[in-house]
Amino acid sequence: YHEMIRKFSQLIWVSYHEDQIRYEIHRMANEHNIIQPAILLDGTEDLVAFFRNSNHAPKRFIRTAVSPNLGETWSSVTNTPLPNPNSGFDVTTMTNGGYLAVINYTFKNRNNLSLLSSHDHGKTWKVLKALENGADSSLEYSYPSLTFSDQGSDGRSYFLTYTYERHKIKYIVFNEAWVTNLEESGAL
């Protein structure tokens, strides 16, 4: 993303052709203060982007936009129902087409971190588990990174890392069966 004078997100396509490196820069949506996109492929050419909201509004939401053509053009940006205290988050896909997100589930600070899922392309979300929930607002759980691998014998495995209380990096591994169990049980 771009953060000089104005903050906005960009997609940069880099290709190598006949011993030359070529690149194209496409601005993601014509709006400022949307940064650090998490981009998902939803179908064959549709992209869905979720953005960190860095404006100064009292209540910030994670923002979203879609592209029907692999990022050449983007829809207007809209709010999701997810709160965003001007913090990083991550979103990825599940094998059933659903989305899995790790966010600070609050408008105020980063003293909690939650795992959520959506099965309607991000319109509604269900909190599956509070991963961290510090009573002290000075505690911080931030900048989650969520990746996956389909190489395990138990199906898709997810790998989550995040800053733990500003002093350590926490690492968690779980599989899709565990996520499905959380969705079905409704337990936090």
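Residues numbered from 1 in each chain as written. Predicted model: local features only at pLDDT ≥ 70, side-chain atom pairs only at ≥ 80, totals over all residues. Heavy atoms only, no water.

Student: I keep staring at the sheet that holds strand β6 (residues 47-53) and nothing clicks. Help me out?
Tutor: Pairing between the strands of a sheet comes from backbone hydrogen bonds, and it takes one of two forms, parallel or antiparallel. Taken in spatial order, the 4 strands of this open sheet run β5-β6-β7-β8, and their pairing is antiparallel. Unpaired on one side and paired on the other, β5 (34-41) and β8 (78-83) mark the two borders of the sheet. With direction set aside, neighbouring strand axes in the sheet form an average angle of 30°. In this structure, strand β7 (residues 61-67) lies alongside β8, joined through 3 bridges in antiparallel fashion. Counterpart to Arg63 in the pairing with β8 is Asn79. (Pairing = 2+ DSSP bridges. Helix = DSSP H or I, 4+ residues; strand = E, 2+ residues; numbered from the N terminus. Axes fitted to C-alpha atoms, helices over the stretch in contact; angles between N-to-C directions.)

Student: Is there a simple way to explain the sheet that holds strand β12 (residues 126-133) in this structure?
Tutor: With respect to topology, 4 strands assemble into an open sheet ordered β9-β10-β11-β12, the strand pairing being antiparallel. What marks the edges here is a single partner per strand, and that holds for β9 (90-93) and β12. On average, adjacent strands in this sheet sit at an angle of 15° to one another, irrespective of strand direction. For strand β10 (residues 99-103) and strand β11 (residues 112-118), the ladder comprises 5 bridges, and the chain directions are antiparallel. Looking across to β11, one finds that Leu100 is bridged to Ser117.

Student: Any chance you could explain the pattern of salt bridges here in plain terms?
Tutor: Pairs can form between side chains of opposite charge whenever their charged atoms are close. Under the criterion given, the structure shown has 4 salt bridges. For the salt bridge of Glu140 with Arg110, the shortest nitrogen-to-oxygen distance reads 3.6 Å. Within this pair, whereas Glu140 is found in the loop between β12 and β13 (141-149), its partner Arg110 is found in the loop between β10 and β11, the two being separated by 30 residues in sequence. Using a relative accessible area of 11% as the deciding quantity, one classes Glu140 as buried. Among the ionic pairs, Arg156 bridges to Asp150, the shortest N-O distance being 2.7 Å. (Salt bridge = Lys/Arg side-chain N within 4 Å of Asp/Glu carboxyl O. Buried < 20%, exposed > 50% of the residue type's maximum accessible area, 1.4 Å probe, protein only.)

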